[in-house]
Structures are given as structure tokens and as C-alpha cells.
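# Structural overview
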Amino acid sequence: MIGPFSIVVLTGAGISAESGVDTFRDTDGIWSKVNIEDVATPEGYVRDPERVHAFYNDRRRGLPGVVPNAAHFALAKLEREFQGEFLLVTQNIDDLHERAGSAKLIHMHGELVKAFCDRCGHKLEWRADLSTGDACPACHGHGRLRPDVVWFGEMPYQMDRIYDALAKCDLFVSIGTSGNVYPAAGFVAEARAAGARTVELNLEPSEGANLFHHAVHGPATKIVPDFVESVLRG
């Protein structure tokens, strides 16, 4: 690599799909089986918190049965070996990036293996089932712990930090995203307006494919490792 520069990588459901994690928006994805309003909105949680807990408990229980794939490991390698600034932003709530070794990571939509108290704001790791009977260890309030997942109508996490990184990056890479979920779908335009080179690595062209300078389409487990090697070679 000739000189240090800055990379921001965005990942979506497509990178984890090859590990066996269910996607949301595919024809047979999660949102084809349950109503978004029931399990992924603050209003749904108020109406039936136990139903919401059951939905996320089921997903949390499935995490030990999936493992990081070659694309996750390639991004962890890029973080370790790249000499410039690096930030990985994921829309995914699974923990596969961490298990592959990624550390410079923002979960903009939250994390399935964490809970937070909607009374005092305390956050903690939570890998067991969660219910309205559980008490917050900080304020001791019962029934106030919820999955640390950003629902529809809520603001994604660390947006100021993300937009700051996009404004400074030289290379923006989008991996496994549909291009129709905002604000993440707008990141490519932000990066491009700041002068960054933009690359899409996806199974098929996303809705915003025309905003990328370069695109490679195919399975993430093949195209992401190849791309990482090309970056590290310079």
C-alpha cells in the first residue's frame, strides 16, 4: 500500500447469510414471516413485550449454531494489516464480526447479545433469554430490560462518528447490502461527495449500485477475500 489512507466498510445481511444467518428482506426472509410492527417497533414492544422477547430470544439462541465465514475473517485481516485509518460499520446485530477478530467496529443497529434498560439506559452483555421478569442490575427495575436492537423509528447508534469517518475516508466499501435501508443506504453518497472511491461487493447489484465507482458481484466468501488481498497488495 502506498502511504496511509482511510477506509470505511459497511456490511449488511448478505455477509452473514453464507454463515446461515437469516436475512430480513429476501423473498423468504424474516419480514416475510413476521410483521415488522409486532416485533421491531417501540409500539410493538409496548403492546406485547413478551412476544418481542420471544422473537429475539429465538434468534439469540441460534447464534452458537453459526460461525464466521471467509468474508468476516478477511475484514478482520484487513483491519489488522492495513496501515491507515479503518472503520467497520455493520447493520447486522449478530456477533460474527467480533468472533472473526474485528475490533474497530460499530453496530449501528445494536447487538443481539446485549440488553439495555429503557429506564436508566444501562447496557450489558446478555446471552440468555430475556423476559419482562428480569431486573436491571443498575437500577433494579423489573420489566425494563429490552434487546439492545435499534427498531424502526429509532435512531441508529453512533451516527456522528460514522458521518465523520465517511467525510474523511478515501475508500468506501459496501458489502452485502440491499441499498434500500436508510440511513445506511445513503452512506455511499456521503462518501462519494467527500471525494472517496466507492466500491460495492454484493451478490447482485443493490438499489444504489449506480453510485459506486466499481462493483464486484458474487458470493461474499469469494469476492471479499479477493478484494481484501488486492487492497493489501496496493
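Here is a short report on the structure shown in this document. Because the structure is a prediction, the values reported are computed rather than measured. (Residues numbered from 1 in each chain as written. Predicted model: local features only at pLDDT ≥ 70, side-chain atom pairs only at ≥ 80, totals over all residues. Heavy atoms only, no water.)

## Quick look at the sheet that holds strand β4 (residues 110–117)
The strand order across the open sheet formed by three strands is β5-β4-β6, and the pairing between neighbours is antiparallel. Every interior strand has two partners, whereas the edge strands, β5 (123–125) and β6 (145–149), have only one. For this sheet, the mean inter-axis angle between neighbouring strands, taken without regard to orientation, is 40°. Its contacts with the sheet place helix α4 (residues 49–62) against β4 and β6, and it is angled at close to 55° to β6. (Pairing = 2+ DSSP bridges. Helix = DSSP H or I, 4+ residues; strand = E, 2+ residues; numbered from the N terminus. Axes fitted to C-alpha atoms, helices over the stretch in contact; angles between N-to-C directions. Contact = heavy atoms within 4.5 Å.)

## Re the pairing of strand β7 (residues 171–175)
For β7, a buried count of five out of five residues is recorded, marking the element as mostly surrounded by other parts of the structure. Pairing geometry for strand β1 (residues 6–11) and β7, over five bridges, is parallel. What sits directly across from V9, in β7, is V173. Two elements, β7 and strand β8 (residues 197–202), share five bridges in a ladder whose sense is parallel. Paired with S174 across the two strands is E200, which belongs to β8. Taking the sense of rotation as the criterion, the β-α-β connection linking β7, helix α8 (residues 187–193) and β8 turns out right-handed. (Buried < 20%, exposed > 50% of the residue type's maximum accessible area, 1.4 Å probe, protein only. Right-handed = clockwise from strand over helix to strand, strands pointing away.)

## Digging into the side chain of R146
With respect to the element layout, R146 can be found in strand β6. Among the polar contacts listed, one links the side chain of R146 to the backbone oxygen of V149, at a separation of 2.6 Å. In contact with R146, not counting residues within four places along its chain, are Y45, H53, A115, F116, D118, L130, W151 and E154. (Polar contact = N/O pair within 3.5 Å; in protein donor to acceptor, adjacent residues only side chain to side chain.)

## A short note on the pattern of salt bridges
On inspection of all chains with the given rule, the structure shows 14 salt bridges. For the salt bridge of E111 with K114, the shortest nitrogen-to-oxygen distance reads 3.1 Å. Of the charged contacts in the structure, one is a salt bridge between E154 and R146, with a shortest N-O distance of 2.8 Å. Judged by its relative accessible area of 6%, R146 falls in the buried class. (Salt bridge = Lys/Arg side-chain N within 4 Å of Asp/Glu carboxyl O.)

## Considering the sheet that holds β8
The strand order across the open sheet built from six strands is β3-β2-β1-β7-β8-β9, with neighbouring strands paired in parallel fashion. Looking along the sheet, the strands with just one partner apiece sit at the ends: β3 (105–107) and β9 (214–217). Taken over all neighbouring pairs, the strand axes of this sheet differ in orientation by 15° on average, direction set aside. On the sheet, helix α9 (residues 220–233) packs against β1, β7, β8 and β9 and is oriented at approximately 150° with respect to β8.

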